[in-house]
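# Residue-level structural notes
What follows is each chain in one-letter form.
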Amino acid sequence: MRIIKPSYEILNLPSRETLRILELAGRTCYKSEDKMTPETAEPFIARIVASGHESVIEHASATVRFVCDRGVTHEMVRHRLASYSQESTRYANYAKDRFGSEITVIRPCFWREGSTEYAAWLSAMEAAEQAYLGLIQAGAKPQEARSVLPNSLKTEIVMSANMREWRHVFRLRCDTPAHPQIREVMLPLLGEFHERLPVLFADLFERFQDDIVKYRTILAS
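Residues numbered from 1 in each chain as written. Predicted model: local features only at pLDDT ≥ 70, side-chain atom pairs only at ≥ 80, totals over all residues. Heavy atoms only, no water.

An unreviewed UniProt entry lists the chain under the name FAD-dependent thymidylate synthase.

What follows covers the side chain of Arg-173. In this structure, Arg-173 sits in helix α6 (residues 163-173). Here Arg-173 falls in the buried class, since its relative accessible area comes to 13%. Here the side chain of Arg-173 touches Glu-75 through a polar contact of 3.3 Å, landing on its backbone oxygen. Within polar-contact distance, the side chain of Arg-173 engages the side chain of His-79 at 2.9 Å. (Helix = DSSP H or I, 4+ residues; strand = E, 2+ residues; numbered from the N terminus. Buried < 20%, exposed > 50% of the residue type's maximum accessible area, 1.4 Å probe, protein only. Polar contact = N/O pair within 3.5 Å; in protein donor to acceptor, adjacent residues only side chain to side chain.)

Pairing within the open sheet is antiparallel, and its four strands lie in the order β2-β3-β6-β4. One side of each edge strand has no neighbouring strand; the edge strands of this open sheet are β2 (7-12) and β4 (82-86). Averaged over all pairs of adjacent strands, the angle between strand axes in this sheet comes to 20 degrees, irrespective of strand direction. Relative to strand β3 (residues 61-69), β2 runs antiparallel, the two being bridged by five bridges. Looking across to β3, one finds that Asn-12 is bridged to Thr-63. Relative to strand β6 (residues 154-162), α6 is tilted by about 130 degrees, and along the sheet it contacts β3 and β6. (Pairing = 2+ DSSP bridges. Axes fitted to C-alpha atoms, helices over the stretch in contact; angles between N-to-C directions. Contact = heavy atoms within 4.5 Å.)

Turning to the environment of Ser-85, a few remarks are in order. When you line up the elements, Ser-85 lands in strand β4. Once the C-alpha coordinates of Ser-85 and Ile-157 are considered, the two residues, 72 residues apart in sequence, prove to be 5.6 Å apart.

Next up on the list: the packing of helix α1 (residues 18-30) against helix α2 (residues 41-51). In helix packing, the relevant descriptors are the interaxial angle and the interaxial distance, both defined with respect to the helix axes. As a packed pair, α1 and α2 sit with axes 9 Å apart at the nearest point and diverge in direction by 60 degrees. As the angle between them shows, α1 and α2 are arranged oblique. For the element pair α1 and α2, the recorded crossing hand is left-handed. Two secondary-structure elements touch here, α1 through Leu-19, Arg-20, Leu-22, Glu-23, Gly-26, Arg-27 and Tyr-30 and α2 through Ala-41, Glu-42, Phe-44, Ile-45, Arg-47 and Ile-48. (Parallel < 35°, antiparallel > 145°, perpendicular 65-115°, else oblique. Left-handed = near helix turned anticlockwise from the far one by under 90°.)

This part covers α1. For an α-helix the count is 3.6 residues per turn, leaving residues at separations of three or four pointing the same way. Across its 13 residues, α1 extends 19 Å between first and last C-alpha, which sits within 8% of the 18 Å expected from 1.5 Å per residue. Where α1 is buried, its residues touch α2 and α8 (198-220). In the segment just after α1, Lys-31 is the residue with positive phi, at about 50 degrees. (Expected span 1.5 Å × (residues − 1).)

The subject of this paragraph is the nonpolar core. Ranked by internal contacts, the top residues of the largest apolar core, which has 45 residues, are Phe-66, Met-163, Trp-166, Phe-170, Met-186, Phe-193 and Leu-200. Listed by contribution, the elements that provide at least two residues to this core are α1, α2, β3, α3 (70-76), β6, α6, α7 (180-196) and α8. Looking at this core element by element, the count peaks at eight residues for α8. Residues contacting Phe-170, with those up to four places away along its chain left out, are Asp-175, Met-186, Leu-189, Leu-190, Phe-193, Phe-201, Leu-204 and Phe-208. Counting 12 residues, the second-largest nonpolar core is a separate cluster that includes Ile-103, Val-105, Leu-149 and Leu-153. (Core = buried A, V, L, I, M, F, W, Y, C linked by side-chain atoms within 4.5 Å.)

What follows is the structure, given as structure tokens:
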């Protein structure tokens, strides 16, 4: 059994040139295209975001590939204004050599290794792996044997959404009431979105800045 940390990879994120398209879309509403200059895109989009007129930023989208546990993806896919492609436990046979003949699980960020809670979790993961491999060896199909796989099972999911929806996701999934493991990936991701497109995420970055630093450290440790 392999134990890994979650991670993410930004596959596509609009460049600052895309802001010109957003500005054009927004100015179409007001018929003020004649006021566009090379310097007007960022301040115009900043005003749009501040005013809550976020439909304008739906014209740009981003795609991210997450490696996380299946419990986290159960929450991600509730954001219905997005597109998803996820690793399938129906077709992935973890008893095969290309998976190392083992399952891979995501280490929970809220339990310290060596603690009573971590030991109980580890024991449950090992039992799940033994049950899964035993079922496959007995002739069960992967889609049948997956019944014993845990929420902590590592999965990969590609998520695409427009920038308005990403802002909505970050507002919910970076906030304190959100599950620690979805915050573990969403907070550092918000930080990276802000670095590359600050005009679209400055308010959210300011709101969650301390936690972004904290969870970046957790992922890096």
